[in-house]
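Below are the chains, spelled out letter by letter.
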Number of protein chains: 2
Amino acid sequence: MGTKERRQREFEDREQVFLDCARDLIRDEGLLNLQMSRIAEKSEYAVGTLYKHFASKEDLLLALAAVDTEKHVAMFQRATQWQAKARDRMVAIAVADMIFVRRNPDFFRLGQYVFTEVVWKAASTERRQAMLVASDPIADMVTGIVNDGVAAGELELRGMAAEEICTGLWALSAGTHNLVHAEGVLEDFNIRDPYRLMCRHTQVMLNGYGWRPLVDVGDGAALDALIKRICNEVFDDLCSE
Amino acid sequence: MGTKERRQREFEDREQVFLDCARDLIRDEGLLNLQMSRIAEKSEYAVGTLYKHFASKEDLLLALAAVDTEKHVAMFQRATQWQAKARDRMVAIAVADMIFVRRNPDFFRLGQYVFTEVVWKAASTERRQAMLVASDPIADMVTGIVNDGVAAGELELRGMAAEEICTGLWALSAGTHNLVHAEGVLEDFNIRDPYRLMCRHTQVMLNGYGWRPLVDVGDGAALDALIKRICNEVFDDLCSE
DNA sequence: ACAATTCGTGAATAAGATTCACGAATAAAT
DNA sequence: ATTTATTCGTGAATCTTATTCACGAATTGT
């Protein structure tokens, strides 16, 4: 009598099939040209079936973004659990961002879009909730590193809450994502290696908080060496460079 | 024979009428519910007339965002031209951001949306160009202040280009906008006074670049005094607090 | 006064998202 | 084994909106 279970399993697997097809279509034809009927066609199901899984197009997009976010968070987790000084782990978070965006070029574009009022409000409460749950661990991870740094005497809060420092670093990262996205959208806008720049600014901001030892940001070689070390020790399987 | 001129003038004024109506509709009913037919109805013109002015809905949104950007840039210009030390002018830029967003709560939401791949690509080349032209002065203004600071011996580049420092500050600002937007979109997300925090992080980051005298970020009172001074001296007419 | 041109109009069209009545497949009951 | 009930995928039909364009009124030129 496992038929019911098999059915259930098939239904769940199908959601993944739809998401994969949608992702392929976005990659090949762009978010702009994504059509529900094309997703159905590509996955060889009827449109009605697609709507059994997703309340709306926006819902599907949010589901897609949530999957990305889970992978993104998993990268952060590796950085967080790395056995190293808080200072290096903080840069590792930035490197995780860098690697992730390079490997998933559509990620931010989609993320940007789904967090738009228009899309967000058009999606179902469940998907919104799933998205929030997926991104929930991030703040704790970063705050945790800041607190570790303080505990180890490497960082001074200087009257700020750990969460506020965290917010500054987060803004830096979100702003850099914006910038990377702008490179794709604007024609003549081009900043060389924006995520490397973000790593440096992370160090500079932490310098501002009396992070010890202070980083000599003039020495790009030191940063590059650290990035390479992080790639080797933390993201071995993902770094080809 | 001024009839032709009058006609021409009427045509140009109408564009403003459409934009005003669209803005009102967005304020009252949200971007999500904005419909071209409603804009036409509200402005008491036919849809066809609306389309004589805007190639598409996205085109209209981009035009709307460009107007906002011009006002935004005008605020920055006031900060830039303020007769004060580079250090204070840099904070004045941040304060300009703060005041502008508070007075135009829909601004960033719209800006976020139009810079989305989906909207950007759907708009006409002319509007895109107008948007780029409108935001063009910003980078120069900020880089200018950084260079002034370096020339006055208040800031060390430490091996970074002025543009790179500028990018860091820009990322901080863009990230904060993101955060402010998130407060509107997400239900339970709430950061007290995000722009004040941005001002502080601007100071911290500049501390990291050896800005002199270094700012004691622990002293929130000093920052608040500076913000109040900027409101009085630069944005007198816009600050009620 | 008449022809030519410009310009606003809104009904018609187009594109795409979303629905839902249907029938096939499966499960339950006899 | 046969009948009845239920579940589930289907895709043609519907609905919503953006967008177009043929028309006629207003204006200009002769």
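Anyway, here's the lowdown on the structure attached to this text. None of these values were measured; they are calculated from a predicted model. (Residues numbered from 1 in each chain as written. Chains lettered and ligands numbered in written order. Predicted model: local features only at pLDDT ≥ 70, side-chain atom pairs only at ≥ 80, totals over all residues. Heavy atoms only, no water.)

### Considering the relation of the copies chain A and chain B
Aligned on chain B, chain A shows an RMSD of 0.1 Å; the corresponding rotation is 180° and the shift along the axis is 0.0 Å. Expressed as an axis order, the relation between the two copies is that of a two-fold axis. Comparing interface residues between copies, 100% of those in chain A also lie at the interface in chain B; the contact surface is shared. (Least-squares fit on C-alpha atoms with pLDDT ≥ 70 in both. Contact = heavy atoms within 4.5 Å.)

### Observations concerning the packing of aromatic side chains
All names here are of chain A. Scanning the model with the defined rule gives eight aromatic pairs over all chains in all. Ring centres 4.9 Å apart and planes at 80° place the aromatic pair F100 and F107 in the edge-to-face group. For the pair formed by F100 and F107, the shared burial category is buried. Among the aromatic residues, those joined into a cluster by ring pairs are F18, Y45 and F54. (Phe/Tyr/Trp six-rings, centres within 6.5 Å; stacked < 30°, edge-to-face > 60°. Buried < 20%, exposed > 50% of the residue type's maximum accessible area, 1.4 Å probe, protein only.)

### Quick notes on the protein's contact with DNA strand C
Close contacts around DNA strand C come from 19 residues, with T3 and Y51 of chain A together with R7, R14 and T49 of chain B the closest. Backbone atoms, meaning sugar and phosphate, form 74% of the atoms of DNA strand C found within 4 Å of the protein. The separation between a phosphate oxygen of DNA strand C and a polar side-chain atom of Q35 of chain A is 3.4 Å. Of all elements in the fold, only helix 1 (3-29) and helix 3 (47-53) of chain A together with helix 1 (3-29) and helix 3 (47-53) of chain B reach the threshold of two or more residues within the surface near DNA strand C. For the surface near DNA strand C, the element with the most residues is helix 3 of chain B, which contributes four residues. Tallied by class, the residues present in the surface near DNA strand C amount to seven nonpolar, six polar and six charged. (Near = heavy atom within 4 Å. Polar contact = N/O pair within 3.5 Å; in protein donor to acceptor, adjacent residues only side chain to side chain. Helix = DSSP H or I, 4+ residues; strand = E, 2+ residues; numbered from the N terminus. Nonpolar A, V, L, I, M, F, W, Y, C, P; charged D, E, K, R; others polar.)

### Quick word on the protein's contact with DNA strand D
Around DNA strand D, the structure places 19 residues, and the nearest of them are R14 and T49 of chain A together with T3, R7 and Y51 of chain B. Of what DNA strand D places within 4 Å of the protein, 75% of the atoms are sugar or phosphate. Taking R14 of chain A, its side chain carries an N or O atom lying 2.4 Å from a phosphate oxygen of DNA strand D. Within the contact set of DNA strand D, a base nitrogen lies 3.1 Å away from a side-chain nitrogen or oxygen of K52 of chain A. Of all elements in the fold, only helix 1 and helix 3 of chain A together with helix 1 and helix 3 of chain B reach the threshold of two or more residues within the surface near DNA strand D. Looking at the surface near DNA strand D element by element, the count peaks at four residues for helix 3 of chain A. Residues of the surface near DNA strand D, tallied by class, amount to seven nonpolar, six polar and six charged.

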